[in-house]
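# Geometric and topological summary
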Amino acid sequence: MFLFSTFVGQVMFTFASKFKNPASCQMVENVPFCHSLAYIVIAEQGYGLEALSTLFFLFGLSSLLVGFVFYLLGRLEMGRVIYFFPSHVLLGCIAGIGKTTKQHICAP
């Protein structure tokens, strides 16, 4: 799912984007979010086919919603909205993603 969404994102960025150097690397940002979705589904439904189908549906739905939001940002030419965030805030978000990923990897 991650590789497929990265591939689709890269194709869309390459052929339908006004960015000079489009790059679609969505795997790092999605990992903590998908882990949280998986924990919620397992807590509610346990392990089984119902939980797996619910999880795949949620992964697909979240990918479509994020894609739609990014499409709207591009279509409305609001790509510069990212410049309203100071760079140290963005670096803090990236560091938080790394910390969360490390916690999930090192968890017993």
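Relevant structure appears above.
Residues numbered from 1 in each chain as written. Predicted model: local features only at pLDDT ≥ 70, side-chain atom pairs only at ≥ 80, totals over all residues. Heavy atoms only, no water.

## Some remarks on the overall build of the protein chain
Cut-off, in case you're wondering: Secondary structure elements are taken from DSSP: a helix is a run of H or I of four residues or more, a strand is a run of E of two residues or more, and numbering for both begins at the N terminus. Exposure classes here rest on a 1.4 Å probe applied to the protein chains alone. A residue is buried below 20% of its type maximum, exposed above 50%, and partly exposed in between. Residues count as neighbours in contact if any of their non-hydrogen atoms are within 4.5 Å of one another. The Shrake-Rupley method, run with a 1.4 Å probe sphere, supplies the accessible areas, and residue values consider only the shown protein chains as cover.
Within the protein chain one finds 4 helices and 0 strands. Moving toward the C terminus, one meets the helices and strands of the protein chain in the order α-α-α-α. Of all 108 residues assigned to the protein chain, the portion counted as buried reaches 13%. A separation of at least 24 residues holds for 40% of the contacts in the protein chain among residues at least 6 apart in sequence. When the accessible surface of the protein chain is totalled, it reaches about 8900 Å², and 73% of it is carbon and sulfur.

## Describing a nonpolar patch on the surface
Operational definition: Only residues whose relative accessible area exceeds 30% and that take part in no salt bridge are eligible for patches, with like-charged residues grouped when within 9 Å of each other and nonpolar side chains (Val, Leu, Ile, Met, Phe, Trp, Tyr) grouped when within 5 Å. What makes a salt bridge here is a side-chain nitrogen of Lys or Arg within 4 Å of a carboxyl oxygen of Asp or Glu, nothing more.
Residues Phe68, Tyr71, Leu72, Leu76, Met78, Val81, Ile82, Tyr83, Phe84, Phe85, Val89 and Leu90 make up a contiguous nonpolar surface patch of roughly 1200 Å² in combined accessible area. Secondary-structure elements contributing two or more residues to the nonpolar patch are helix H3 (49–75) and helix H4 (87–106). If one sorts the elements of the nonpolar patch by residue count, H3 sits on top with 3 residues. Here Met78 is to be found in the loop between H3 and H4.

## Remarks on unusual backbone geometry
Within the chain, Glu77 stands out as a residue other than glycine whose phi angle is a positive 55°. If you trace the backbone, Glu77 turns up in the loop between H3 and H4. Glu77 gets classed as exposed once you look at its relative accessible area, which sits at 60%.

## Quick look at the nonpolar core
Stated formally: Residues belong to one nonpolar core when they are buried, are Ala, Val, Leu, Ile, Met, Phe, Trp, Tyr or Cys, and are joined through side-chain atoms within 4.5 Å.
Among the nonpolar cores identified, the biggest contains 7 residues, and these are Cys34, Leu37, Ala38, Val41, Ala51, Leu55 and Phe59. Going through the elements one at a time, helix H2 (27–45) and H3 are the ones with two or more residues in this core. Broken down by element, this core gets its largest block of residues, 4 residues, from H2. Filtering out sequence-adjacent residues up to four positions away, Val41 remains in contact with Gly46, Ala51, Thr54, Leu55 and Leu58.

Keep in mind these numbers describe shape, not what the thing actually does.
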